[in-house]
Amino acid sequence: MHKMKNWTKRFIMTCLFLLALIVTFQSITGIKAQTFVTALANTIAQSEPASGSAPTLENSVDWSKYPKHTVTATGYTAGAESTGKNQGHPEYGITFSGVKVKRDLFSTIAADLTVYPIGTILFIPGYGYGVVADKGGAIKGNKLDLYYETVEDVYRNWGKKTVDVYLVQKGDGRLTEEQLQALNEDKSLQVFRQQFITSEKK
């Protein structure tokens with residue numbers, strides 16, 4: 001009986017703590033965290049890790065709940081081969097939105113802004129979350145450019161693919177460094193962020 005009371009107390013305190021985190025996240029960034037938290041809470045509870053391994057982001061969320069779009073996605077870098085800018089250039093590594101390019105759990109991607117406005121969050125299987133931060137002259141219609149740090153990473157990890165992506169949240173035309181950082185530091189997703197970092201280093 002005593003153990004049951006302790007377990008109930010811990011469960012309630014954990015729920016209250018998570019609720020406080022969500023409210024703080026929303027008030028600081030203006031981004032709705034409910035989309036991620038609801039999806040993860042519903043699906044992680046249902047997922048059965050295979051042979052004791054941790055669930056991956058791709059199989060921990062029911063992506064069928066999100067609008068699906070078929071796109072042609074290519075990889076790009078901040079370098080001259082993709083942007084025409086070298087490291088000494090004052091705008092090297094700076095996206096159209098003003099944020100720096102980033103490869104993380106939530107990475108910066110380029111899109112046709114009439115299709116996916118700045119700040120749009122897509123889930124791209126095999127890549128992870130992409131946040132539209134940039135545009136490109138050749139990126140028209142259902143095309144995406146996915147950021148990678150090096151040309152070698154582009155060829156080794158992606159190249160060019162036709163892939164179904166999932167629209168998690170449509171952007172409002174704005175994205176700040178603070179918003180991007182908050183997405184990548186969301187406590188409920190840190191287990192997946194660690195998996196992502198580990199897989200990228202292989």
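Conventions we followed
- Per chain, residues are indexed from 1 in the order of the written sequence.
- Side-chain atom pairs in this predicted model are given and counted only at pLDDT of 80 or more, local residue features only at pLDDT of at least 70, and totals for whole chains, interfaces and linings cover all residues.
- With hydrogens and water stripped out, all remaining heavy atoms of the structure feed into the side-chain values.
- As a per-residue quantity, pLDDT reports the predictor's confidence and falls between 0 and 100.
- Where helices and strands are cited, they refer to DSSP runs of H or I of at least four residues and of E of at least two residues respectively, numbered from the N terminus.
- Only heavy atoms matter for contacts: two residues are in contact if any of them lie within 4.5 Å across the pair.
- Any two of the Phe, Tyr and Trp rings considered here, Trp counted by its six-membered ring, make a pair once their centres fall within 6.5 Å; the pair's planes then place it as stacked at under 30 degrees, edge-to-face at over 60, or tilted in between.
- Note on exposure labels: buried denotes an accessible area under 20% of the residue type's maximum, exposed denotes more than 50%, and partly exposed covers the range between, all computed with a 1.4 Å probe on protein chains only.
- Here, a charge over a ring is recorded when the distance from Lys NZ or Arg CZ to the ring centre is within 6 Å and its angle to the ring normal is within 35 degrees.
- By salt bridge we mean one thing: a side-chain nitrogen of Lys or Arg within 4 Å of a carboxyl oxygen of Asp or Glu.
- Strand pairing requires that DSSP identify at least two bridges connecting the strands.
- To define axes, lines are fitted to C-alpha atoms, for helices over the stretch in contact only, and angles between the resulting N-to-C directions are given on a 0 to 180 degree scale.

**Here's the deal with the confidence of the model for the chain**
Chain-level pLDDT for the chain is 80 on average; 69% of the residues reach the 70-or-more range. Least confident of the elements in the chain is helix 2 (residues 34-44), whose mean pLDDT is 51; most confident is strand 3 (residues 121-124), at 96. For residues 43-51, every residue scores under 50 in pLDDT, and the model assigns this stretch ten contacts once sequence neighbours within four places are set aside.

**Overview of the packing of aromatic side chains**
Scanning all chains against the criterion turns up nine aromatic pairs. Ring geometry for Trp63 against Tyr129: centres 6.1 Å apart, planes inclined by 70°, an arrangement best described as edge-to-face. Pair noted here: Trp63 is in the loop between helix 3 (57-60) and strand 1 (68-76) and Tyr129 is in strand 4 (residues 128-134), with a separation of 66 residues, a long-range link. Since its relative accessible area comes to 7%, Trp63 is described here as buried. The buried category is assigned to Tyr129, whose relative accessible area is 2%. An angle of 75° between the planes, with centres 5.4 Å apart, marks the rings of Tyr127 and Tyr148 as edge-to-face. Pair noted here: Tyr127 is in the loop between strand 3 and strand 4 and Tyr148 is in the loop between strand 5 (143-147) and helix 5 (151-157), with a separation of 21 residues, a long-range link. Members of the aromatic cluster, joined through ring pairs, are Trp63, Tyr66, Phe106, Phe123, Tyr129 and Tyr166. In this structure, Lys161 packs its charged tip against the face of Trp158, placed 4.1 Å from the ring centre.

**A short note on the pattern of salt bridges**
In the structure shown here, the tally under the stated rule is four salt bridges. The partner of Lys68 in a salt bridge is Asp164, with the nearest N and O atoms 3.8 Å apart. Highlighted residues: Lys68 in strand 1 and Asp164 in strand 6 (residues 160-169), separated in sequence by 96 residues. Given a relative accessible area of 53%, Lys68 falls into the exposed group. Accessibility expressed as a relative area gives 28% for Asp164, which makes it partly exposed.

**As for the sheet that holds strand 5**
Paired through backbone hydrogen bonds, the strands of a sheet run either parallel or antiparallel to each other. Strand order around the closed barrel formed by six strands is 1-5-2-4-3-6, with mixed pairing between neighbours. Sheet twist, expressed as the average angle between the axes of neighbouring strands with direction ignored, equals 45°. Judged from the seven bridges that link them, strand 1 and strand 6 form a sheet pairing that is antiparallel. In the strand pairing of strand 6, His69 is matched with Val165.

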